[in-house]
Amino acid sequence: MPPQSTYLNGAHHFQIDHQTFNSITGNQYVYHGQREGLNLLNPILDASHTRNRNTSPPDSECFPGTREEVIQAITAWADDTMDLECLLENWDGETSTASDDSTNSACSFRTCDEEIVSSDSGDPETPHIYWLHGFAGCGKSAVSLEIARIYARSGRLLASYFFFRGAGDRSTMVRFAVTLASQLVAALPATAPYIDAAIKEEAGLLTSHVSLATQLDRLVLFPFQSAVDEGALGKGPFLIVIDGLDECEDQRAVEEFIDHILDFFEKHPTTPLHVFIASRVEQHIRERLEVDGVLLDNLDSHLPEKDIEKFLEVSFQKVAKRDRIIRAYVRDRGAWPTALDMNGLIRHIGGSFVLASTIFKYIVQSATEEDPLTPMERLPLTLEMNGLDGLYSQTLARSQRLPHFHTIISTIARLLRPLPIAEISAILGIRAFEVVRVLLNLQAIIHVPGTDEEGEVTLCHTSLRDFLTTESRSGCFFVPPSFHLYLSYYCFSSIIERNNVQTDDYCWVNFDHHWGSFARSGDCDFLTEIEQFKACQPLLVNRVTYHAFLFSMFFYTINDLRKSRLLNNQPYVLMEWANQSVLAAECPGPHTQLWLEKGLHYGIPLQSTVQFTEHTHEILQHDLQRASTAIRANFPGILEGQPSSTGEKHMMVLDLEHLSGIDIFNVLQWMVAHAHFRWEGLEVAPHPPLGLSIFASAPGKMAFSFDKESEDDSDQGSDASNSD
């Protein structure tokens, strides 16, 4: 829904005919007129440089008076004033690579014949792409933000996009092109009719059914080129800023983007458009950007020590003015930090701005019962820490003994996007103050919003998630992939226990995604983790029984055996599925009844085949009889109106948009009944194994059939409520 705007408020006694109103909210474009296609773009509003960095990290900006050298180099390139002739004269004859920290020049320009390419005028051409690379925490995002601000002020910024891992769609390319397009129209309104026409001409342009390259062409590059051709530009060249490309979790999409943008500039070498990219050196990025026509710049080579020293000096001076303990210490002992302290800090920080910022926050944070030290006592301790890892461990230890600490930190680390405190507490089934109590001690490394309901809990830097999810680095704070199993259960329970859950609710959308992340992980043993999860059940009280959860999710796994690496464990999955139906049905209570009746949306990857043996059939049949008896005893009336499984119907079809516990139970009944029906018809002993095929019979529909006996049945299949 676009933001509401008010025009000519209070005006009267006049008339406006056939007019169109355009409004720009921030750097997003809202169109009020006949070009309604533009309002279908659905951009990510917190992906640009104008986002609220407290709630949408990274929260980093250049400290005043720092990073001047690298910013000057980037602006010279963006303005087409870079002295490439001078670069050529100082060049040692070899192009530097992204991993070379000892190059004579900070920048290098890659060409296929190891020479600077010249234009028709005899002047070297400025490359269209500038890649600023460096290690995690060296300040790339701060530089990107400053560059975006500079060119936004001059009216030459077309768009900016800041990727961030674990931030929902901001960590993918799904809405990348539409977000750039929305900003493009705001910056250059002449592109509006071309984008609007593209949306109307191609119905699926804004969906995942269209390639990223096509979206970039139709929504960004071609509209810009068309505006250029019609002479709509009064200034240039224009700039697109892309930060944290390594934070995008879809490597193939990143590769497609780089390949396509390079191809576009090769075909349109005179286009007045530059693309600035900042990222860590990841192999899939490096091998594509270390090519012709890309300017490489190693941020690590810009000697950040002086900038870090300036940041620390000014920051300590500011905090000393408001901290009574520091002021008293200075009156008694003299200047603090001392020159020796500062030199030690700068050597220890080693060029990492994020480490400098985090160390400063750690030193000056308020004392707590768990950590009563003063800033003067903390400073020497930081010199003994092993970089960011040591600092993260020391900070996390401040809350380590508080209730629910590990569950809260693990949840924040494994969520697919940040959530408010109130949502985190609702998912975990604990009180909001318990979440706040843990987080308040960790504000040096985690952003804590001012209210429980508004604003999201976010990590100050992606390196914290890397730390928490790497066992060799985090030790007792490690959050294993198997935590997705617990997070799936928490989300599943939260949906069942609440009324009026919205379809965009985090739990509604992602409970099965977390299960899939657990089941498909190559770093944990599925069967072992399931047994350990069962053993934790006494700790999970007043929630949906874990038997109901496992029954539903084993159903999910039946349809995902190949990706879950469980092809060799089909009998276990089938028999556990049936066994959990019995245990769930034998747990009377309101939550179990809600689970049986409430329909959920399952994003199940279809196309699977399961071997159904006579031995499996016997076990499933026995469990189903027990489950049916328990449901009738504990939940009378639920089975009334449900179809009886005679087994004569060849196919069963489910609606994935609304699938309840009883619907899944009916699938199990049909499988057992139809297998019996098939074997009776064969009149062969012993009964041969049957192949159960699971596939999509229609959009949003899931079909079950033994060997797909009749393709015509796919047109005659019915929903679970009347399938037998």
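Residues numbered from 1 in each chain as written. Predicted model: local features only at pLDDT ≥ 70, side-chain atom pairs only at ≥ 80, totals over all residues. Heavy atoms only, no water.

Overview of the overall build of the protein chain
Regarding its fold elements, the protein chain presents 28 helices and 14 strands. Counting over 724 residues, the protein chain shows a buried share of 54%. The contacts in the protein chain between residues at least 6 apart in sequence include a share of 75% that link residues at least 24 apart. (Helix = DSSP H or I, 4+ residues; strand = E, 2+ residues; numbered from the N terminus. Buried < 20%, exposed > 50% of the residue type's maximum accessible area, 1.4 Å probe, protein only. Contact = heavy atoms within 4.5 Å.)

Structural notes on helix 27 (residues 661–682)
Helix length check: helix 27, at 22 residues, gives a terminal C-alpha distance of 32 Å against a target of 32 Å (1.5 Å per residue), a fit within 8%. Within helix 27, 16 of the 22 residues are buried, which leaves it mostly tucked inside the rest of the structure. Just beyond helix 27, the residue with positive phi is E683, at close to 55°. (Expected span 1.5 Å × (residues − 1).)

Description of the environment of V582
Turning to its location among the elements, V582 is positioned in helix 24 (residues 570–585). As a C-alpha pair, V582 and Q625 span 43 residues in sequence and 8.7 Å in three-dimensional space. When near neighbours in sequence (up to four residues on either side) are disregarded, V582 contacts D623, R626 and A627.

A few points about the packing of aromatic side chains
Following the criterion strictly, the structure yields 40 aromatic pairs and no others. Between W515 and F549, the ring centres sit 5.7 Å apart and the planes meet at 80°, which makes this aromatic pair edge-to-face. Here F549 lies in helix 23 (residues 546–558) and W515 lies in helix 21 (residues 506–520), a separation of 34 residues in the sequence. With a relative accessible area of 0%, W515 lands in the buried category. Here F549 falls in the buried class, since its relative accessible area comes to 0%. Note that R51 overlies the ring of F162, its terminal NZ or CZ placed 4.4 Å from the centroid. Here the guanidinium or amino end of R378 rests over the ring plane of Y362, the centre of that ring lying 5.9 Å away. (Phe/Tyr/Trp six-rings, centres within 6.5 Å; stacked < 30°, edge-to-face > 60°. Lys NZ or Arg CZ within 6 Å of the ring centre and 35° of its normal.)

Some points on the packing of helix 23 against helix 24
Contact geometry for helix 23 and helix 24: axes closest at 8 Å, N-to-C directions at 150°. What the angle tells us is that helix 23 and helix 24 run roughly antiparallel. Seen from above, helix 23 lies across helix 24 with left-handed handedness. Contact residues: H547, A548, L550, F551, F554, F555, T557 and I558 in helix 23; Y572, V573, L574, E576, W577, Q580, S581, L583 and A584 in helix 24. Taken together, the residues of the contact of helix 23 with helix 24 sort by class into 12 nonpolar, 4 polar and 1 charged. (Axes fitted to C-alpha atoms, helices over the stretch in contact; angles between N-to-C directions. Parallel < 35°, antiparallel > 145°, perpendicular 65-115°, else oblique. Left-handed = near helix turned anticlockwise from the far one by under 90°. Nonpolar A, V, L, I, M, F, W, Y, C, P; charged D, E, K, R; others polar.)

Comments concerning the sheet that holds strand 14 (residues 701–706)
The strands that make up a sheet are held in pairs by hydrogen bonds between backbone atoms, and each pair lies either parallel or antiparallel. The strand order across the open sheet built from 4 strands is 11-13-14-12, with neighbouring strands paired in antiparallel fashion. The open sheet has two free edges, formed respectively by strand 11 (608–612) and strand 12 (651–655), since each of these has just one partner strand. Going from strand to strand, the sheet's axes swing by 25° on average, the running direction of each strand aside. Pairing of strand 12 with strand 14, which is carried by 5 bridges, proceeds in the antiparallel orientation. Its bridge partner lying in strand 14, D655 is registered against K701. Helix 27 rests against strand 11, strand 12, strand 13 (690–698) and strand 14 of the sheet, and its axis sits at about 25° to strand 14. (Pairing = 2+ DSSP bridges.)

Worth remembering: the numbers are spatial, not functional.
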